[in-house]
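What follows is each chain in one-letter form.
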Amino acid sequence: MKLEQKEKSLLFSETVLPDIFFAEHLPQIPGDYLKIYLYLIFLSKYNKDVKVNDLSKKLSLPLKTINDGINFLEANGLLLKKTTGFIIIDLQESTLNNLYKPNLTPSKESIEQTSKNKSRAKAIDHINNMYFQGIMGPSWYNDIDLWFKKYNFDEQVMIALFDYCYNRSALNKNYVQTVAEAWGSNHIQTWNDLDLYDQKQDKLFKIKKSIAKKLGKHNGLTQYEEAYIENWILDFGYDMDIIELALKRTTFKQNPTFEYINNIITDWHDRNLKTKFEVEAFLEQRKKQTKNISAMKKAVDKISNSSNFEQRQYDNLDFLYANVNIDKKKEI
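In this report, the structure presented in the accompanying data block is examined.

The rules we used
Residues numbered from 1 in each chain as written. Predicted model: local features only at pLDDT ≥ 70, side-chain atom pairs only at ≥ 80, totals over all residues. Heavy atoms only, no water. Helix = DSSP H or I, 4+ residues; strand = E, 2+ residues; numbered from the N terminus. Buried < 20%, exposed > 50% of the residue type's maximum accessible area, 1.4 Å probe, protein only. Contact = heavy atoms within 4.5 Å. Areas by Shrake-Rupley, 256 points an atom, 1.4 Å probe, with all protein chains shown as cover. Salt bridge = Lys/Arg side-chain N within 4 Å of Asp/Glu carboxyl O.

## Notes on the overall build of the protein chain
And then number 1: When you go through the protein chain residue by residue, the secondary structure sums to 15 helices and 2 strands.
And then number 2: Across the 332 residues that make up the protein chain, the buried fraction comes to 26%.
And then number 3: In the protein chain, 56% of the contacts between residues at least 6 apart in sequence involve partners at least 24 apart.
And then number 4: As displayed, the protein chain offers around 23,900 Å² of accessible surface, 52% of which is attributable to carbon and sulfur atoms.

What follows is the structure, encoded as structure tokens:
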């Protein structure tokens, strides 16, 4: 017995996308690439043999955009390349395969982690409801579990991570991963660590803003200029009061650069000057030394000029004596 289903006409047919696509992939697909993906899904229902040139014309997109889009879709697990073309990946099946990891022999460590896992489960549930309206994609669970293990974040820090990205309208995996990496490299594990880090970043931001204003950089600082400032603050441990002493010294120089300011501040650090008082004392001492050297130079110049005058007098006397001797010879 053969069963057949009547093929629907284009007017009554539909192209279905699984919800996993909207939860996992939609936020990170650029508009033109999404356009390509949706059209490929539509064509795949009819087993059409499509060419890149045809896609370019049909979608009104440059050939380069079509090729870049196909590469993007392949790299993100939406297309699978074959020798004869591409296969549209079944997202539900693919996600299930990635998530299903049988654990037939629970380890002692996993049993000991039961209490911690329950606490983490509550944090994940909060993240799901607060930032994903209860429809967080399944792969996020794996990522969160990985960040817990890799960076040893506590539950409050993990929630703060998503809150930080959500408030910046950047709740995509690449951005969240970047922030998590930055927090991890700064040894943030607890809420107290994060609070201290936020205070440090807030201080850094205010100092950068103040320096840009004092130097008249209304368009903001470059990445390299900010790196100089971070070095002064984070590595040297200097506050704005010391940095401002260096900025004031730029008034003696035409078109001072950040490298010039950095040389001044680095010199103070190399001299182990740690406070504003120590820097001011050093500058005052240097000022006195400069005055003493200037005074000594004037004295030396005065003596030198005096010696030259006396030498010229001696030369004249010698000439006079020479004339006298000549006269005496004439008399003789």
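## Considerations on the side chain of Thr65
And then number 1: Note on placement: Thr65 falls in helix α4 (residues 63-75).
And then number 2: Look past the residues within four positions of Thr65 in its chain and what remains in contact with it is Asp32, Tyr33 and Ile36.

## Points about the side chain of Asn128
And then number 1: Checked against the element boundaries, Asn128 lands in helix α7 (residues 114-131).
And then number 2: Overall, Asn128 belongs to the buried group, its relative accessible area being 7%.
And then number 3: Residues within four places of Asn128 in sequence aside, it is in contact with Gln133, Gly134, Ile135, Met136 and Tyr141.

## A word on the pattern of salt bridges
And then number 1: Considering all chains together, one arrives at 11 salt bridges under this definition.
And then number 2: Linking Asp143 and Lys173 is a salt bridge whose minimum nitrogen-to-oxygen distance equals 3.4 Å. Residue Asp143 is found in helix α8 (residues 138-151), and its partner Lys173 is found in helix α10 (residues 173-185); the two are separated by 30 residues along the sequence.
And then number 3: Here Glu226 makes a salt bridge to Lys208, at a shortest N to O gap of 3.4 Å. Here Lys208 lies in helix α11 (residues 191-214) and Glu226 lies in helix α12 (residues 223-235), a separation of 18 residues in the sequence.
And then number 4: The exposure class assigned to Glu226 is partly exposed, which follows from its relative accessible area of 28%.
And then number 5: The class of Lys208 is buried, set by a relative accessible area of 13%.
And then number 6: Among the ionic contacts, a cluster of salt bridges with common partners joins Lys208, Glu226 and Glu230.

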